[in-house]
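# Residue-level structural notes
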Number of protein chains: 2
Amino acid sequence: MLWGRNRIIGKTAGRDKEQDSAAVKDRGQTPADFSRIYSKDLLPAPGGEEMTRGFLQELVNILLGYISKSSQRSSKVLDFHHPHQLKEECFTLDLPDQPETLEQILVDCKDTLKYGVRTGHPRFFNQLSSGLDVVGVAGEWLTSTANTNMFTYEVSPVFVLMEEFLLRKMQSIVGWSDDVGDGIFCPGGTISNLYSILVARYHFYPEVKTRGMGVLPQLALFTSEQSHYSVKKSAAVLGMGSENVFMVKCDESGKMIPAELESSIVTAEEKGLVPFYVNATAGTTVYGAFDPLKAIADICHRHTLWMHVDAAWGGALLMSDRHKIKLAGIERAWSVTWNPHKMMGVPLQCSVILVKKRGLLQECNDFGAEYLFQTDKNYDVSYDTGDKSIQCGRHVDVFKLWLMWKAKGSEGFGSQVNKCLENAEYLYDQLQRRTDFELVLKNKPEHSNVCFWYIPPSLRGLPPGPDRDAILHQVAPRIKGRMMEKGSVMIGYQPLGDKVNFFRGVFSNPATQQEDVDFLLDEIARMGDDL
Amino acid sequence: MLWGRNRIIGKTAGRDKEQDSAAVKDRGQTPADFSRIYSKDLLPAPGGEEMTRGFLQELVNILLGYISKSSQRSSKVLDFHHPHQLKEECFTLDLPDQPETLEQILVDCKDTLKYGVRTGHPRFFNQLSSGLDVVGVAGEWLTSTANTNMFTYEVSPVFVLMEEFLLRKMQSIVGWSDDVGDGIFCPGGTISNLYSILVARYHFYPEVKTRGMGVLPQLALFTSEQSHYSVKKSAAVLGMGSENVFMVKCDESGKMIPAELESSIVTAEEKGLVPFYVNATAGTTVYGAFDPLKAIADICHRHTLWMHVDAAWGGALLMSDRHKIKLAGIERAWSVTWNPHKMMGVPLQCSVILVKKRGLLQECNDFGAEYLFQTDKNYDVSYDTGDKSIQCGRHVDVFKLWLMWKAKGSEGFGSQVNKCLENAEYLYDQLQRRTDFELVLKNKPEHSNVCFWYIPPSLRGLPPGPDRDAILHQVAPRIKGRMMEKGSVMIGYQPLGDKVNFFRGVFSNPATQQEDVDFLLDEIARMGDDL
């Protein structure tokens, strides 16, 4: 029952002794008594300073305990409950009319973490974003305490300058010269990709801003069949229609085939469409494949198409001297998506769209609201960059990245990336060696994605073919289900093209070591042995 | 020099003694020595627990100091520097190749706060979002420590359930019955408004998703001339063209005139456009005006138009029994934008779009990426709500709102709103009483916006007219410039329609008291006396 149900029952009859002593043990100190304290007693209430300090210290103890546990291999990655169980047995979601005590608030915080997923755990392989960078977390704590907005220099002087600085830094790493380049931090890679299509459309057809798509020809977009779904999603949002996104064929390793791009462009034109935009992917979601950027750039140049590179996942490799060669040609892109919240380990969210043509974002998006963007201010209003955005208010996502960069240096990010790719190679080597697993791709991974099937004993004798596939398709989901229930490790799976459900190992967590890779494979084998 | 320049000079020659002793004094305890500690020494490094605890404790001391100072009237609202000064004299933005020490990182944190704007200061009147709610900040600290993503139940079980719960709660407060309603948390009110247009378009023309705007008639949108610029901005993004947004005339107090809406609809039809969407504003940005929702709902009903209510700013009044009447009719809207990060005081960002037609968001936006939204999972996948979004990864914005609601209760939010509106009435009363100020609107404010001119002595004799206006137009910017330099208070100004630059007082900070209102007026008078 300890922390097991977040509603403190019988508060008025005194506190739960067991809980109290557990709390003391957990924190290694005597807890303050918050059973009669409410949020109204905190700052800005007169004399609220001591209470505020005590409450936040108590919270920080909880968070420190969580961070510490998340890095321990002996702790679970998650404590799985079905939605109805969480709602009925573990957690009181109900919101009261009257305030609850701060004691209850702290219990709620503890329970929220207890029933969540430890994405920083060394055995969390489930997402492209993982890990828990302490300096990044510190940056985010400061950001939320500063509680301001990116629209003007007036209310965010330091953060606006940091954004300008980091955008230039990232542009230079991409390989653009000093006199070009612009960009903005976005709420996620999908929105960054949306920006790329938005500015590309405006670049070719500036009249679209005022007059709409009705005065434009029917436009065609191109992206690989293994690219992220955000290109289709954004085309739908922007009023271009998802069917006008041509899905270009990939080779076996998941790279776009340049000749297929050429022929897709011809097909589109034959249908009466006007090609204008190509998305090349640097690091696909499932295979981690890098499209051949130079060949694609040549085609874009020949046809005068906007070349975007979705390096949401692969952009981190630019930080590594060893691996940046995989993105050669990215400097020829007209726009680039790069998500530091993926392999660079910045806490969510931190995504950037870079645009080569300076001023385009502003021209495309500005509507100059006078209550916000006055031109008669006492400072240089070119720093009021909020009107470059499709948002108005915009969360400060830059500070944690800036702080982490200071703390690691560029070389620290490089080593982090190298380490992730070494882990991937290690997994690949192990999979080659073992007979109970099968690699989806035979070649050494270029990124940190390694895709594989577990082949249970019952399937090992069967010849490849539809019968075996039908059973194999169910293996990964069943193992994943058991994995969730046990909570010892987390990894994703999916089918792709003609390939039935397989696991996708990805490494972006600096906490992960080779022993975790060994554990992953052994645990899958243990869980799937009877299938 | 103390903390004055964030680069510690001569680190190798020993620490700056003056700085050290100031740090000790500031924190009231002996600081740990971080001059030889780097981020690589923190968790997940083996044995990094103690260092992690020490570093985060040190950071929390800095943040607590900031929170405490922000609530003190004796401290400045901001320490203004021009961009070039900040970059050249105060702050080293440069990012190194090699890591910096954690000592430097803590100095950077301190400086970032020092040169920022204290949006929680009781005398910060500059934005619709202000204040610093300690429980909200706690919620955000936990959110960033949990560092997960809203796309699936799998990685965000608790937060996904909280979102579902809060959306239903907010729908019921809007007045929708239990069997309708849907919604999603968005990165800001502009994106929420964008969603409203997106789903409205899909509702009437579902083929737009695959085929694009080319197969649709030329659509027309309607919003008041005093509404937020996000309607135009979103229309441009969505490929509808900003000139197809009809700006409906308002009455003197800033409310949309229903008869003008009717005639705009006729005008649009005469031009061959097809009206489909009306945005009514509940709380305009400058005047805080509430459009007549019932009359607009009648018109929308008659013409079968989607009715959206942008209650980004006014939605908070739904929490107050005394003031919710001002939004009567909102229950007839088909979608509603509501930003808890404004008057409800939730830390940025926290915005919600509510949509009456359940399932529409999902149908409009889903592209069912199989690597994320597998249908063969071990739990009820209807909780995987990520594909309702136009994003993919999505920041967890719900927790801080949920936690604050627990801590305050619904009634706590109600009192907070009442308090803000009482402050506005007090400002209004003072302005009526004083001869050195002039109200822009004669009537008592409906929301917490109170707009006014300061009339310097030199202008008091002049008759109203263009000559006086030309001078008056420069008064607010000049006072604002002085205010920024002095840092004692912050308030925004803008022109509107035929009205020259005036100040806009807004109240959304629970820290603000009547004495701060008095200070604001006296300070403006002091600063403008010689103009």
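Residues numbered from 1 in each chain as written. Chains lettered and ligands numbered in written order. Predicted model: local features only at pLDDT ≥ 70, side-chain atom pairs only at ≥ 80, totals over all residues. Heavy atoms only, no water.

What chain A contains, in helices and strands, is 16 helices and 12 strands. In terms of overall size, chain A behaves like a compact globule, its C-alpha atoms giving a radius of gyration of 26 Å where 531 residues would be expected to give roughly 24 Å. Counting only C-alpha atoms and orienting by the principal axes, one finds that chain A spans roughly 80 × 80 × 45 Å. Expressed as a percentage of the 531 residues in chain A, the buried residues total 67%. Split by element, the accessible area of chain A, about 17,600 Å² in all, is 50% carbon and sulfur. (Helix = DSSP H or I, 4+ residues; strand = E, 2+ residues; numbered from the N terminus. Rg over C-alpha atoms; globule rule 2.2 N^0.38 Å. Buried < 20%, exposed > 50% of the residue type's maximum accessible area, 1.4 Å probe, protein only. Areas by Shrake-Rupley, 256 points an atom, 1.4 Å probe, with all protein chains shown as cover.)

Turning next to the relation of the copies chain A and chain B. Structural alignment of chain A on chain B gives an RMSD of 0.0 Å, achieved by rotating through 180° and translating 0.0 Å along the axis. In short, the pair behaves as if placed about a two-fold rotation axis. Considering only C-alpha atoms, the part of chain A nearest the rotation axis is Leu 238 of chain A, at 2.1 Å. Taken as a fraction of all interface residues of chain A, those also at the interface in chain B reach 100%, which identifies the copy contact as same-surface. (Least-squares fit on C-alpha atoms with pLDDT ≥ 70 in both. Contact = heavy atoms within 4.5 Å.)

We now examine the environment of Gly 272 of chain B. Mapped onto the elements of the fold, Gly 272 of chain B is located in the loop between helix H10 (258-270) and strand S5 (274-281). As a C-alpha pair, Gly 272 of chain B and Leu 219 of chain B span 53 residues in sequence and 9.1 Å in three-dimensional space.

Another point: the UniProt feature "modified residue: N6-(pyridoxal phosphate)lysine" (unreviewed entry) in chain A. Residue and element names in this part refer to chain A. Within this numbering scheme, the UniProt entry marks Lys 342 as carrying the feature "modified residue: N6-(pyridoxal phosphate)lysine" (unreviewed entry). The residue Lys 342 is located in the loop between strand S7 (335-338) and strand S8 (351-355) in this model. Take Lys 342: its relative accessible area is 15%, and that puts it in the buried class. Look past the residues within four positions of Lys 342 in its chain and what remains in contact with it is Leu 128, Ser 129, Ala 312, Trp 313 and Ser 508. (UniProt positions renumbered as here; feature names shortened; annotations may be inferred.)

On to the side chain of Lys 233 of chain B, then. By the element assignment, Lys 233 of chain B lies in helix H9 (residues 230-237). Given a relative accessible area of 1%, Lys 233 of chain B falls into the buried group. When residues no more than four places from it in sequence are discounted, the contact partners of Lys 233 of chain B are Asn 365, Phe 367, Gly 386, Asp 387, Ser 389, Ile 390 and Gln 391 of chain A.

This paragraph deals with the interface of chain A and chain B. With 155 residues of chain A in contact, the opposing surface of chain B contributes 155 residues. Both sides together, the interface formed by chain A and chain B hides about 13,500 Å², and carbon and sulfur atoms give 63% of it. Linking chain A to chain B there are 10 salt bridges. Its salt-bridge partner being Lys 87 of chain B, residue Glu 164 of chain A comes within 3.2 Å of it at the nearest N-O pair. The tally of links from chain A across to chain B stands at 72 residue pairs in polar contact (both at pLDDT 80 or more). Looking at side-chain class alone, the side of chain A that touches chain B contains 77 nonpolar, 51 polar and 27 charged residues. (Buried area = accessible area lost by both parts, 1.4 Å probe. Salt bridge = Lys/Arg side-chain N within 4 Å of Asp/Glu carboxyl O. Polar contact = N/O pair within 3.5 Å; in protein donor to acceptor, adjacent residues only side chain to side chain. Nonpolar A, V, L, I, M, F, W, Y, C, P; charged D, E, K, R; others polar.)

In this structure, Phe 55 of chain A together with Phe 55 of chain B are the most contacted members of the largest nonpolar core, which totals 310 residues. Setting aside residues no more than four positions away along its own chain, Phe 55 of chain B makes contact with Val 134, Val 135 and Ala 138 of chain A together with Phe 34, Leu 42, Leu 102, Ile 105 and Leu 106 of chain B. Listed in part, the 62 residues of the second largest apolar core include Leu 194, Leu 198 and Trp 306 of chain A together with Cys 364 of chain B. (Core = buried A, V, L, I, M, F, W, Y, C linked by side-chain atoms within 4.5 Å.)

All names here are of chain A. Its domain assignment divides chain A into domain 1 (11-118), domain 2 (180-364) and domain 3 (406-528). One C-alpha centre belongs to domain 1, the other to domain 3, and the line joining them spans 36 Å. Contacts between the two partners involve seven residues from domain 1, matched on the other side by 11 residues from domain 3. Interface area lost by domain 1 to domain 3 is led by Arg 73, Leu 78 and Phe 80, which between them contribute 66%. Residue Asp 516 pairs with Arg 73 through a salt bridge whose shortest N-O separation is 2.6 Å. On inspection of domain 1 and its partner domain 3, the count reaches three residue pairs in polar contact (both at pLDDT 80 or more). By residue class, the composition of the side of domain 1 that touches domain 3 is four nonpolar, one polar and two charged. (Domains from an automatic or database assignment.)

Further remarks concern the state of the cysteines. Under the criterion given, the structure shown has zero disulfides over all chains. Unpaired in terms of disulfides, Cys 186 of chain A finds its nearest cysteine sulfur in Cys 350 of chain A, a separation of 10 Å. For the unlinked cysteine Cys 90 of chain B, the closest cysteine sulfur is that of Cys 109 of chain B, found at 17 Å. (Disulfide = S-S within 2.5 Å.)

Note the cis peptide between Leu 43 of chain A and Pro 44 of chain A, where omega equals 10°. Along the polypeptide, Pro 44 of chain A turns up in the loop between helix H1 (17-27) and helix H2 (49-70). The phi angle at Asn 147 of chain A is positive, at roughly 45°, despite the residue not being glycine. One non-glycine residue, Thr 304 of chain B, adopts positive backbone phi at about 50°. Along the polypeptide, Thr 304 of chain B turns up in the loop between helix H11 (293-303) and strand S6 (306-311).

A separate point is the packing of helix H5 (residues 134-146) of chain A against helix H2 (residues 49-70) of chain B. It is at 11 Å that the axes of H5 of chain A and H2 of chain B come closest, and there the two elements cross at 10°. Judged by the inter-axis angle, H5 of chain A sits roughly parallel to H2 of chain B. Side by side, H5 of chain A and H2 of chain B meet where Val 134, Val 135, Ala 138, Trp 141, Leu 142, Thr 145 and Ala 146 of chain A of the first sit next to Thr 52, Phe 55, Leu 56, Leu 59, Val 60, Leu 63, Tyr 66 and Ile 67 of chain B of the second. Residues of the contact of H5 of chain A with H2 of chain B, tallied by class, amount to 13 nonpolar, two polar and no charged. (Axes fitted to C-alpha atoms, helices over the stretch in contact; angles between N-to-C directions. Parallel < 35°, antiparallel > 145°, perpendicular 65-115°, else oblique.)

Residues and elements named next belong to chain B. Overall, mixed pairing links the five strands, which are arranged S1-S11-S12-S10-S9 in an open sheet. Each having just a single partner strand, strand S1 (124-125) and strand S9 (437-439) make up the two edges of the open sheet. The pairing of strand S10 (residues 450-454) with strand S12 (residues 499-505) spans three bridges and is classified as antiparallel. Of the residues in S12, the one forming a bridge with Phe 452 is Phe 503. Here helix H13 (residues 398-433) sits on the sheet and contacts S9, S10 and S12; the angle it forms with S10, its principal contact strand, is near 30°. Contacts from helix H16 (residues 514-528) reach S1, S9, S10, strand S11 (490-496) and S12 within the one sheet, and its direction differs from that of S10 by about 30°. (Pairing = 2+ DSSP bridges.)

All names here are of chain B. Pairing is mixed in the open sheet, where seven strands are placed in the order S2-S8-S7-S6-S5-S3-S4. Unpaired on one side and paired on the other, strand S2 (182-186) and strand S4 (245-248) mark the two borders of the sheet. Looking at each pair of strands side by side, their axes are set apart by 20° on average, direction ignored. With five bridges joining them, strand S3 (residues 219-224) and S5 adopt parallel strand pairing. Residue pairing across strands places Phe 222 opposite Val 278, the latter belonging to S5. Strands S2, strand S7 (335-338) and strand S8 (351-355) of the sheet are contacted by helix H6 (residues 157-174), whose axis makes an angle of about 115° with S2. The strands touched by H9 are S3, S4 and S5; relative to S4, the strand with the most contacts, the crossing angle is about 170°.

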